[in-house]
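So the chains spell out like this:
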Amino acid sequence: MDIVAFITTFNFQLLQIPTDIQTILSVLFYVVFGIFLFYGQRIQMYIMIREVQGSLYRLKYIKDEGRKITVETIKEIGKPQTDPATRVDRLLDYFTITPQNLDPAGIVWKLEHILDVRDERMKDEVKTMAPAADETQRNNLENTLEAEMALNYIYKVIRHFYLLGKKTLSLYIIMQIQMILPLIMREAEAYASALKAFAYGQPIGDGAGALVAAKLSIGYEKRKVAKDCTVATVPFEGRTAFVIKAEGPGGNVGKPGDAIKTIIEENNGKIANVIMIDAAMKLEGEPVGEVSEGTGAAIGGPGVDQFKIEEELVKYHIPVNAVIIKEDIGDAVSPMRKEIFDAADKAIERIKQVVLERTKEGDKLIIAGIGNTIGIA
Amino acid sequence: MQENIEAQKVPARALLIILVVVALSLTAIMSANYILGHPEIPASKDLALYLLILGAVGLILSIYILLQLRRRIVRARIESPPIVTVVECKACGYKNSRAFQRGDYIFKEGEACDKCKGKTLITAIYREVKDKERDTFPT
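Cut-off values and rules
- Residues numbered from 1 in each chain as written.
- Chains lettered and ligands numbered in written order.
- Predicted model: local features only at pLDDT ≥ 70, side-chain atom pairs only at ≥ 80, totals over all residues.
- Helix = DSSP H or I, 4+ residues; strand = E, 2+ residues; numbered from the N terminus.
- Rg over C-alpha atoms; globule rule 2.2 N^0.38 Å.
- Buried ≥ 20, exposed ≤ 12 C-beta atoms within 10 Å, placed from the backbone.
- Contact = placed C-beta atoms within 7 Å.
- Core = buried A, V, L, I, M, F, W, Y, C linked by C-beta atoms within 7 Å.
- Domains from an automatic or database assignment.
- Pairing = 2+ DSSP bridges.
- Axes fitted to C-alpha atoms, helices over the stretch in contact; angles between N-to-C directions.

> Explain the overall build of chain A to me, using residue names and the numbers behind them.
Looking only at helices and strands, chain A features 11 helices and seven strands. Computed over the C-alpha atoms, the radius of gyration of chain A is 28 Å, more than 25% above the 21 Å expected from 2.2 N^0.38 for a compact globule of 377 residues. If you line up chain A on its principal axes, its C-alpha atoms span 105 × 55 × 50 Å. The buried share of chain A, reckoned over its 377 residues, is 44%. Pairs at least 24 residues apart make up 78% of the contacts formed inside chain A by residues separated by at least 6 positions.

Here it is, written out as structure tokens:
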């Protein structure tokens, strides 16, 4: 207690600190007021920088963990002779330049060509890194790499704005990144769970459409109809349904545009209806796994397949219906939730309704399950 | 002007600051206690109260920041929810749920049925999510 006595005596006897609380509070108020008057914006900026910094630490952690999982999975499945880490690091910075759009005519084919080249390159890289992996595993590894590439890109962009904001001390640079940070973090977390799902070959939420197609075509013979796409001819409510999906169970979205085009051409355009099933973004407040119906080609991605489908449908005047299963970005790329799995049966019921109402007995129709078929045969 | 982003450095620095604040807060509380116990010290009771409040606020703030830091560390882990594989017997319809194993996929022919030794099929792979209480709004 001697030290306490010393400090107390030092404070109140030697320094003669004013003991009137009101005086202290008044002085404190003016000091704080002055600080906020002149440095308010700067303080606000530092708070934002701290917030962005915190998220950046988390992004770095997620990215590094992702890289670790990717390298370990390649080693475990691919049994490479050399360490794949260097090759993985090189691939993380791989980029794609989209075609020039000053003259947009024919841009879809240019984009398709570039995407095909990229896909081939990724497949070759995975083949070299994981020589012991079979085709399914190679597709899963390719998807794992893509998820890690996305995480790496998100981290680099956020780091760029963070460092730029610190360097220029510009409130607006920091502010714009801080404002969209919650959405970016949600996306990064979604990619992190996607990466694990891809590494283990688990079905993901985006595969809802592929699951519906798989459920409809189970037990029927499948044939390859386009690159990484299969079709099964299924009797359905007195009609003939061509059920199209990506070739599973490896991580694959296939080329449903080419598949639908081929089936329509094979049948000389005599297709009564095209029904497309896909996972779609839900709005906040909507339940996960809600099934909705609409018109149009339900397919995401860069737009090449949607373009091809629409061209073909217009050529033969074929009506197109869409059935979507709602989910958010996190659910779409993480292991499939039970609600989404259960929604596949509801979607099949909805397809039956559409088929009965919009087609006649004996008609031919196409049912296309769109999405990544990872973990679904 | 290369800057390194290293997550490991922050907790140590923050911990040091927290320790200093805790030490100062404890000193303030002990000083207040000393003043109250010794009327011969030329300091008013108001000041003792002031020190007590300052010490208490310092302690509460330190605990709060410490808890926040811990939460941030916990949040930094990538969650991997348990994935369920449902295996169904094609002959007797017996359903069995087990943890997901690498190589499982929906509609894969599985191992022999536990009951009838018939062929089994993986009919479902999913994760169950316990929804946290969210803000709702009438539809």
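> Please give an account of the nonpolar core that cites residues and values.
Core analysis: the biggest nonpolar cluster contains 105 residues, and Tyr191, Ile244, Val274, Met276, Ala347, Ile366 and Ile367 of chain A have the highest contact counts within it. Not counting the four nearest positions on each side in its chain, Ile244 of chain A is found in contact with Ala213, Val225, Cys229, Val231, Pro256, Ala259, Ile260, Ile263, Ile366, Ala368 and Gly369 of chain A. Core analysis: the second largest hydrophobic core is formed by six residues, Ala28, Ala32, Ile35 and Leu51 of chain B among them.

> If you had to explain the domain arrangement of chain A to someone new, which residues and values would you point to?
Residues and elements named next belong to chain A. In terms of domains, chain A is made up of domain 1 (47–200) and domain 2 (205–369). Between the C-alpha centres of domain 1 and domain 2 the distance comes to 28 Å. Each partner contributes residues to the interface: domain 1 has 19 residues there, and domain 2 has 12 residues. For the side of domain 1 that touches domain 2, the secondary structure elements donating two or more residues are helix H4 (107–129), helix H5 (135–168) and helix H6 (171–200). Broken down by element, the side of domain 1 that touches domain 2 gets its largest block of residues, nine residues, from H6.

> Quick one: what's the story with the sheet that holds strand S3 (residues 120–127) of chain B, residue by residue and with numbers?
Residue and element names in this part refer to chain B. Pairing is antiparallel across the open sheet formed by three strands, whose spatial order is S2-S1-S3. Every interior strand has two partners, whereas the edge strands, strand S2 (95–99) and S3, have only one. Averaged over all neighbouring strand pairs, the angle between strand axes comes to 25 degrees, with direction disregarded.

> Tell me what's going on with the sheet that holds strand S7 (residues 364–369) of chain A, and back it up with residues and numbers.
All names here are of chain A. Overall, mixed pairing links the seven strands, which are arranged S1-S2-S3-S7-S4-S6-S5 in an open sheet. Looking along the sheet, the strands with just one partner apiece sit at the ends: strand S1 (222–226) and strand S5 (291–295). Neighbouring strand axes in the sheet, compared pairwise and without regard to direction, differ in orientation by 30 degrees on average. As paired strands, strand S4 (residues 273–281) and strand S6 (residues 320–327) are joined by eight bridges and run parallel to one another. Each bridged residue has a counterpart across the sheet, and for Asp278 the counterpart in S6 is Ile324. Contacts from helix H8 (residues 256–266) reach S1, strand S2 (229–236), strand S3 (239–246), S4 and S7, with the element oriented near 105 degrees to S1.

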